[in-house]
Amino acid sequence: GKSMVRYLVSSSSQRWRQQQKQHLHKHSIEKVQIIFKERLDTQGRGGYFDTYGIIRDVIQNHLLQLVTIVAMDNESDNNDLCDAKVKVLRAIKIPTDTDCVIGQYDGYTQEQHVPLDSKTPTYAVVQLFVDNERWEGVPFVL
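Residues numbered from 1 in each chain as written. Predicted model: local features only at pLDDT ≥ 70, side-chain atom pairs only at ≥ 80, totals over all residues. Heavy atoms only, no water.

### Digging into the pattern of salt bridges
Phase 1: Evaluated as defined, the whole model comprises 1 salt bridge.
Phase 2: For Glu136, the salt bridge goes to Lys26, with nearest N and O atoms at 3.1 Å. You can see Glu136 sitting in the loop between strand S3 (123-129) and strand S4 (139-141) and its partner Lys26 sitting in the loop between helix H2 (11-20) and strand S1 (32-33), a full 110 residues away along the chain.
Phase 3: On the basis of relative accessibility, which here comes to 24%, the residue Lys26 falls in the partly exposed class. (Salt bridge = Lys/Arg side-chain N within 4 Å of Asp/Glu carboxyl O. Helix = DSSP H or I, 4+ residues; strand = E, 2+ residues; numbered from the N terminus. Buried < 20%, exposed > 50% of the residue type's maximum accessible area, 1.4 Å probe, protein only.)

What follows is the structure in structure tokens.
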């Protein structure tokens, strides 16, 4: 979670990334998988979660953050870090329907504060591609 993200942007991770940059590219990586696992229930957050769903709550806010950190070029200060993340986001090709699978877990509508007729996705897999020389053709699977 958050501690992993903090580590990935820390100075010690920056040194590691500088050393490993030669290996973090399309010639040595077949695909990048970022997996988010959580308990199946909403732990009382059904009303909130039903408003936003897995895509807006988790993928957009959390997993894309990890994509940017993994895919960005190495930068030295916080302003450069922000610019590097934005550069990655702008380079992501818009996924098509064939790049996405969404669904809803059985029993979700039985959760507290979730409407019985909810269509909110609670499960999603999205395949993204960063359209740049370094990551050309490498799927990022969230």
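Back to the write-up after that little detour.
### Description of the sheet that holds strand S2 (residues 100-103)
Phase 1: One open sheet holds the 4 strands; their spatial order is S1-S4-S3-S2, and the pairing between them is mixed. Sheet topology places S1 and S2 at the edges, where each strand pairs with a single neighbour.
Phase 2: Of the pairings in the sheet, the one linking S2 to S3 comprises 4 bridges and is antiparallel in character. Bridge pairing in S3 links Ile102 to Ala124.
Phase 3: In the packing of helix H3 (residues 46-71) onto the sheet, contacts are made with S1, S2, S3 and S4, and the angle to S3 comes to roughly 35°. (Pairing = 2+ DSSP bridges. Contact = heavy atoms within 4.5 Å. Axes fitted to C-alpha atoms, helices over the stretch in contact; angles between N-to-C directions.)

### Let's talk about the packing of aromatic side chains
Both the distance between ring centres and the angle between the ring planes are used here to describe each pair of aromatic rings.
Phase 1: Using the criterion set out here, one finds 4 aromatic pairs in the structure.
Phase 2: Considering the side-chain rings of Tyr48 and Tyr52, the 5.0 Å spacing of their centres and the 45° angle between planes classify their relative orientation as tilted. Within this pair, Tyr48 and its partner Tyr52 are both found in helix H3, separated by 4 residues, close to a single helical turn.
Phase 3: Residue Tyr48 is classed as partly exposed on the basis of its relative accessible area, which comes to 39%.
Phase 4: Judged by relative accessible area, Tyr52 falls into the partly exposed class, the value being 35%. (Phe/Tyr/Trp six-rings, centres within 6.5 Å; stacked < 30°, edge-to-face > 60°.)

### Here's the deal with the pairing of S3
Phase 1: Judged by which residues are buried, S3 turns out to be one-sided: Ala124, Val126 and Leu128 face inward and are buried, whereas Tyr123, Val125, Gln127 and Phe129, on the alternate face, are not.
Phase 2: Pairing of S3 with S4, which is carried by 3 bridges, proceeds in the antiparallel orientation. Considered in S4, the bridge of Leu128 is made with Phe140.

### A few points about H3
Phase 1: Here H3 spans only 33 Å end to end across 26 residues, well under the 38 Å set by a 1.5 Å rise per residue.
Phase 2: Of all the bends in H3, the greatest, near 100°, is centred on Gly53. (Expected span 1.5 Å × (residues − 1). Bend = angle between axes of the 7 residues up to and from the residue.)

### Regarding the side chain of Asp50
Phase 1: Structurally, Asp50 is set in helix H3.
Phase 2: For the buried Asp50, no salt bridge exists, and the shortest N-O distance to an oppositely charged side chain is 10 Å, to Lys119.
Phase 3: Side chain to side chain, Asp50 and Ser118 meet in a polar contact 2.4 Å long.
Phase 4: Once you skip the residues sitting within four places of it in the chain, Asp50 turns out to touch Tyr108, Val114, Pro115, Ser118 and Thr120. (Lys, Arg positive; Asp, Glu negative; His and termini not counted. Polar contact = N/O pair within 3.5 Å; in protein donor to acceptor, adjacent residues only side chain to side chain.)

### A short note on the environment of Gln110
Phase 1: Structurally, Gln110 can be placed in the loop between S2 and S3.
Phase 2: The class for Gln110 is exposed, based on a relative accessible area of 61%.
Phase 3: Sequence-wise, Gln110 and Gly46 are 64 residues apart; in three dimensions their C-alpha atoms are separated by 9.6 Å.
Phase 4: At 3.5 Å, the side chain of Gln110 forms a polar contact with the side chain of Thr109.

### Quick look at the nonpolar core
Side chains that are nonpolar tend, in soluble globular proteins, to be buried together.
Phase 1: In terms of nonpolar packing, the biggest core is built from 28 residues, with Val32, Ile34, Leu63, Val130, Trp135, Phe140 and Leu142 touching the most fellow members.
Phase 2: The greatest single-element share of this core, amounting to 8 residues, is contributed by H3.
Phase 3: Once residues within four sequence positions are removed from consideration, Phe140 is found in contact with Val32, Val67, Val70, Ala71, Val126, Gln127, Leu128, Val130 and Trp135. (Core = buried A, V, L, I, M, F, W, Y, C linked by side-chain atoms within 4.5 Å.)

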